[in-house]
Amino acid sequence: MNLVRKLAEFYGPKLGRTIDPMTEVITTAGATEALYALVTALAGPGDEVVLIEPFFDIYIGSVIMSGATPVHVPLHYRRQPGAKERSSSEFVLDEEQFRAAITERTKVVMLCTPQNPTGKVFSRKELEFIADCVRPFKNITVVSDEVYEWLTYDGIEHVRFATLPGMWDQTLTVSSAGKTFSVTGWKVGWVVGPAPRVQAIARAHQFIVFSISTPFQEAVATALTEAENIGYFATLRDSYQNKRNLLFSSLDEAGLNPVKPEGSFFIVADVSHIKLKDHQGRTTLTGLCPDEHDWRVCRWLTTDVGIAAIPISSFYSEEHKTTNLVRFAFCKTDDVLEAARDRLKTLNEKL
Ligand code: PMP
């Protein structure tokens with residue numbers, strides 16, 4: 001009760017409206033359950049869910065379990081001529097491709113900003129384009145996964161999709177205590193949006209977990225109040241920006257062509273030039289993992305260099321799969337990031 005009240009009070013000014021805590025907010029078992037519950041509630045066999053790739057891999061599981069059909073729209077990496085370093089803003093939507101994916105069959109569009117895995121922060125212009133595409137289809141819900149809402153860097157603005165003209169009625173904003181307070185294991189997430197859609201999620205949620213743990217909700221309600229009082233969000237951002245800079249420069253020095261993220265706590269880096277020897281990166285415990293380039297590089301990085309990364313192909317459908325990137329994370333202590341810098345220095349001699 002305290003948490004839904006707090007969330008209504010907290011997001012009201014951010015979304016520019018008065019939010020009813022009882023009908024327009026629901027708390028969930030992390031953002032993970034929110035995503036599962038809302039896809040279950042809003043889409044089923046015969047419906048389509050649009051996924052912008054690369055996407056947080058949880059999305060596809062929810063879509064498959066709902067029986068709906070995923071429709072994949074890839075971001076394209078286009079280097080800005082003359083740019084000093086690579087940037088996540090260079091991942092762009094092809095407008096024609098996106099528009100063509102939106103039809104009468106579309107029920108949900110999954111949006112993630114700041115994005116996992118690229119760190120892209122969708123600009124107001126890009127979001128307005130998406131809004132223009134969905135506005136004529138009142139049955140479409142845009143799920144705006146904003147779990148990294150507090151993690152944007154270099155003064156880049158996080159635009160809340162629900163604040164765009166007319167979009168409140170069509171948007172479910174998802175976030176969580178997990179990223180904001182570094183407590184993913186607490187599994188406290190939430191959805192804020194118009195009552196009919198939030199109540200649809202409540203019907204699904206009721207049969208998934210029924211309700212979530214009360215003590216953790218109380219703790220998060222208190223944390224949100226305190227966070228505002230002590231300027232926590234700015235401190236969090238500054239600390240992550242330093243961590244981003246540290247990991248980015250370490251990857252850069254190792255020749256991995258990192259793409260500087262405008263947000264989130266991930267960095268994708270290009271490993272296409274890494275030439276592994278025949279035996280490198282091949283061993284797996286289960287023998288079930290793909291033998292593709294990005295998977296092999298990630299295995300080799302883990303076993304031989306001592307740094308774990310995630311192959312980018314796990315964030316793509318088969319249709320648009322690419323194997324040239326891997327994803328690193330900087331949600332680590334500075335000591336760990338320093339150790340990573342030392343290990344990355346040995347990367348080229350281990351090849
Ligand atoms: N959305 C995104 C984009 C994420 O990266 C994550 C966590 N990796 C989640 C949702 C899930 O959040 P939670 O830990 O609150 O379940």
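Residues numbered from 1 in each chain as written. Predicted model: local features only at pLDDT ≥ 70, side-chain atom pairs only at ≥ 80, totals over all residues. Heavy atoms only, no water.

### A word on the sheet that holds strand β4 (residues 91-93)
Basically, it comes down to this: Criterion used throughout: strands pair if DSSP finds at least two bridges between them. Only DSSP runs of H or I reaching four residues or more are called helices, and only runs of E reaching two or more are called strands; each is numbered from the N terminus. As a rule, the C-alpha atoms of each element are fitted with a line to give its axis, helices using only the stretch in contact, and angles between N-to-C directions run from 0 to 180 degrees.
Read across the open sheet, the eight strands follow the order β1-β8-β7-β6-β5-β2-β3-β4; overall the sheet is mixed. Edge positions in the sheet fall to β1 (25-28) and β4, since each has one partner strand and no second. Taking each pair of neighbouring strands and ignoring which way they run, the sheet shows an average axis angle of 25°.

### Observations regarding the side chain of Lys179
Formally: Any two residues having at least one pair of non-hydrogen atoms within 4.5 Å are treated as being in contact.
If you trace the backbone, Lys179 turns up in helix α6 (residues 177-180). With sequence-adjacent residues up to four places away left out, Lys179 is seen in contact with Val147, Tyr148, Thr184 and Phe265.

### A look at helix α7 (residues 195-208)
So the rule is basically this: Each residue after the first adds 1.5 Å to the expected span of a helix. Partly exposed residues are those whose accessible area sits between 20% and 50% of the maximum for their type, while under 20% is buried and over 50% is exposed, using a 1.4 Å probe and protein chains only.
A rise of 1.5 Å per residue sets the reference length of α7, with its 14 residues, at 20 Å; its end C-alpha atoms lie 20 Å apart and thus fit the reference within 8%. Turning to α7, its buried residues number three or more, namely Arg197, Val198, Ile201, Ala202, Ala204 and His205. Positive backbone phi, approximately 70°, marks Phe210, located one or two places after α7.

### Notes on the nonpolar core
Which entries qualify depends on this criterion: Side-chain atoms within 4.5 Å link the members of a nonpolar core, which is a set of buried Ala, Val, Leu, Ile, Met, Phe, Trp, Tyr and Cys residues.
Of all hydrophobic cores here, the largest spans 83 residues; its most connected members are Met110, Leu256 and Phe328. Phe328 has contacts with Leu247, Leu251, Leu256, Phe265, Phe266, Ile267, Ala269, Leu301, Ile307, Ala308 and Ala309, leaving out every residue within four places of it along the chain. Ranked by size, the runner-up nonpolar core spans 31 residues in total, among them Val50, Ile130, Ile312 and Phe315.

### A look at the site of the ligand
Rule in force here: Proximity is defined per residue: if any heavy atom of the residue lies within 4 Å of a molecule or strand, that residue is considered near it. Between N or O atoms, a polar contact is any pair within 3.5 Å; within protein, one atom must be a potential hydrogen donor and the other a potential acceptor, and residues adjacent in sequence are included only when both atoms are from side chains. In this count, Pro and Cys sit with the nonpolar residues alongside Ala, Val, Leu, Ile, Met, Phe, Trp and Tyr, while Asp, Glu, Lys and Arg are called charged and the others, Gly among them, polar.
By nearness alone, 14 residues border the ligand, and Thr32, Asp145, Tyr148, Ser176 and Lys179 come closest of all. For the ligand, a nitrogen atom lies 2.6 Å from a polar atom in the side chain of Asp145. Contact distances for the ligand include 3.0 Å between a nitrogen atom and a side-chain N or O atom of Lys179. Classifying every residue of the shell around the ligand by side-chain character gives six nonpolar, five polar and three charged.

### Observations concerning the packing of helix α2 (residues 30-42) against α7
How we decide: Less than a right angle of anticlockwise turn of the near helix away from the far helix marks a crossing as left-handed, whereas a clockwise turn marks it as right-handed.
Axis separation between α2 and α7 bottoms out at 8 Å; the angle between their running directions is 115°. The way α2 lies across α7 gives a crossing that is right-handed. Counting all contacts with α2, which are made through Glu33, Tyr36, Ala37, Leu38, Thr40 and Ala41, the residues of α7 involved are Ala200, Ile201, Ala204, His205 and Ile208. Here the residues of the contact of α2 with α7 sort into eight nonpolar, two polar and one charged.

### Topic: the environment of Leu351
When you line up the elements, Leu351 lands in the segment after α11 (334-345). The class for Leu351 is partly exposed, based on a relative accessible area of 28%. Spatially, the C-alpha atom of Leu351 lies 35 Å from that of His72, the residues being 279 residues apart in sequence. Here Leu351 is in contact with Ile274, Lys275, Leu276, Lys277, Gln280 and Trp300, once residues within four sequence places are set aside.

### Quick notes on the pattern of salt bridges
Opposite charge on two side chains lets them pair, provided their charged atoms get close. The line we're drawing: The salt bridge criterion pairs a side-chain nitrogen of Lys or Arg with a carboxyl oxygen of Asp or Glu, the two atoms within 4 Å.
What the rule picks out here adds up to 19 salt bridges. Of the charged contacts in the structure, one is a salt bridge between Asp47 and Lys107, with a shortest N-O distance of 2.9 Å. Of the two residues, Asp47 is situated in the loop between α2 and β2 (48-53) and Lys107 in strand β5 (residues 106-112); the sequence distance between them amounts to 60 residues. Take Lys107: its relative accessible area is 23%, and that puts it in the partly exposed class.

### Some details on the sheet that holds strand β10 (residues 266-270)
Taken in spatial order, the four strands line up as β9-β10-β12-β11 in an open sheet, and their pairing is antiparallel. Each edge of the open sheet is held by one strand with a lone partner, namely β9 (258-259) and β11 (310-311). Two elements, β9 and β10, share two bridges in a ladder whose sense is antiparallel. Each residue of the ladder has a partner; that of Val259, found in β10, is Val268.

### Digging into the side chain of Arg296
Selection criterion: Just so you know, the count uses Lys and Arg for positive and Asp and Glu for negative, and it drops His and the chain ends.
Turning to its location among the elements, Arg296 is positioned in helix α10 (residues 293-305). Despite being buried, Arg296 has no salt bridge partner; Asp291 is the closest side chain of opposite charge, sitting 4.6 Å away. The contacts of Arg296, once residues within four sequence positions are left out, are Leu276, Lys277, Asp278, Gln280, Gly281, Arg282 and Asp291.

### Thoughts on the packing of aromatic side chains
Inclusion rule: The rule is short: rings of Phe, Tyr and Trp, with Trp giving its six-membered ring, pair when the centres are within 6.5 Å, and they are stacked under 30 degrees, edge-to-face over 60, tilted in between. Any Lys NZ or Arg CZ that is within 6 Å of a ring centre and within 35 degrees of that ring's normal is treated as a charge sitting over the ring.
With the rule as written, the count across this model stands at 16 aromatic pairs. With a centroid separation of 5.1 Å and an interplanar angle of 85°, the aromatic rings of Phe10 and Tyr11 are classed as edge-to-face. Exposure remark for Phe10: the relative accessible area of 2% places this residue in the buried category. Tyr11 gets classed as buried once you look at its relative accessible area, which sits at 2%. Taken together, Phe10, Tyr11, Trp150, Phe181, Tyr232 and Phe233 form an aromatic cluster joined through their ring pairs. Here Lys120 stacks its cationic end above the ring of Phe122, 5.0 Å away from the centre of that ring. In this structure, Lys260 packs its charged tip against the face of Phe248, placed 4.8 Å from the ring centre.

Function-wise, these values are silent; they only describe arrangement.
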